[in-house]
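# Chains, contacts and geometry: an overview
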Amino acid sequence: MVQQFNPQGMNAQNIKKRYAVLVFIKSSTAPLVLYVKDAQALYQELVEKMQSPNASLIEKETEGPLKKVCFLSNQIASVAIQEEQYV
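Residues numbered from 1 in each chain as written. Predicted model: local features only at pLDDT ≥ 70, side-chain atom pairs only at ≥ 80, totals over all residues. Heavy atoms only, no water.

## Topic: the side chain of Thr 62
- Tracing the sequence through the fold places Thr 62 in the loop between β3 (57–61) and β4 (68–72).
- For Thr 62, a relative accessible area of 10% corresponds to the buried category.
- Apart from the residues lying within four places of it in its own chain, the contact partners of Thr 62 are Leu 34, Tyr 35, Val 36 and Lys 67. (Helix = DSSP H or I, 4+ residues; strand = E, 2+ residues; numbered from the N terminus. Buried < 20%, exposed > 50% of the residue type's maximum accessible area, 1.4 Å probe, protein only. Contact = heavy atoms within 4.5 Å.)

## Structural notes on the pattern of salt bridges
- Summed over the entire model, instances satisfying the criterion amount to five salt bridges.
- For Glu 84, the salt bridge is made with Arg 18, and the minimal N-O distance between the two is 3.0 Å. You can see Glu 84 sitting in strand β5 (residues 76–86) and its partner Arg 18 sitting in strand β1 (residues 16–25), a full 66 residues away along the chain.
- When its relative accessible area of 15% is taken as the criterion, Glu 84 is described as buried.
- Put simply, Lys 68 and Glu 61 hold a salt bridge, and the shortest N to O gap is 3.9 Å. One exposure class covers both Lys 68 and Glu 61, and it is exposed.
- Where salt bridges share partners, they join Glu 59, Glu 61 and Lys 68 into one cluster. (Salt bridge = Lys/Arg side-chain N within 4 Å of Asp/Glu carboxyl O.)

## Re the packing of aromatic side chains
- Summed over all chains, the structure comprises zero aromatic pairs.
- Over the ring of Tyr 86 we find Arg 18, and its NZ or CZ is 5.2 Å from the ring centre. (Phe/Tyr/Trp six-rings, centres within 6.5 Å; stacked < 30°, edge-to-face > 60°. Lys NZ or Arg CZ within 6 Å of the ring centre and 35° of its normal.)

## Some points on the sheet that holds β1
- Taken in spatial order, the three strands line up as β2-β1-β5 in an open sheet, and their pairing is antiparallel. Where the open sheet ends on each side, the last strands, each with one partner, are β2 (32–35) and β5. Pairwise comparison of adjacent strand axes, ignoring direction, gives a mean angle of 30 degrees for this sheet.
- Bridge count between β1 and β2: four bridges; the pairing is antiparallel. Bridged to Leu 22 within β2 is Val 33.
- Across the sheet, helix α1 (residues 39–51) is in contact with β1, β2 and β5; its angle to β5 comes to roughly 170 degrees. (Pairing = 2+ DSSP bridges. Axes fitted to C-alpha atoms, helices over the stretch in contact; angles between N-to-C directions.)

## Notes on the pairing of β1
- Of the pairings in the sheet, the one linking β1 to β5 comprises ten bridges and is antiparallel in character. Note that in β5 the partner of Ile 25 across the bridge is Ile 76.
- Joining the antiparallel neighbours β1 and β2 is a turn of six residues, in which Ser 27 adopts a positive phi near 60 degrees.

## Thoughts on unusual backbone geometry
- A positive phi is found at Ser 27, a non-glycine position, where the angle reads about 60 degrees.
- Take Ser 27: it is sitting in the loop between β1 and β2.

Here's what the structure looks like:
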């Protein structure tokens, strides 16, 4: 039977979830990881911008290590929402 890693003092009540929006930019090896209050809304906004035939500059302030970021909508290859667990 496989045992889960559970350091002392950690239980299900201590583990929280947060969500990040990953933005994959064309010809870039790593995605932009954007931590925002409403990940679902940002995801939907970026999908709509990708579908638009007109390129636009997207500038966002975030809550993670990246404080402010901008990129062109026509350079987005894909977007995703990532769930992370933390204590």
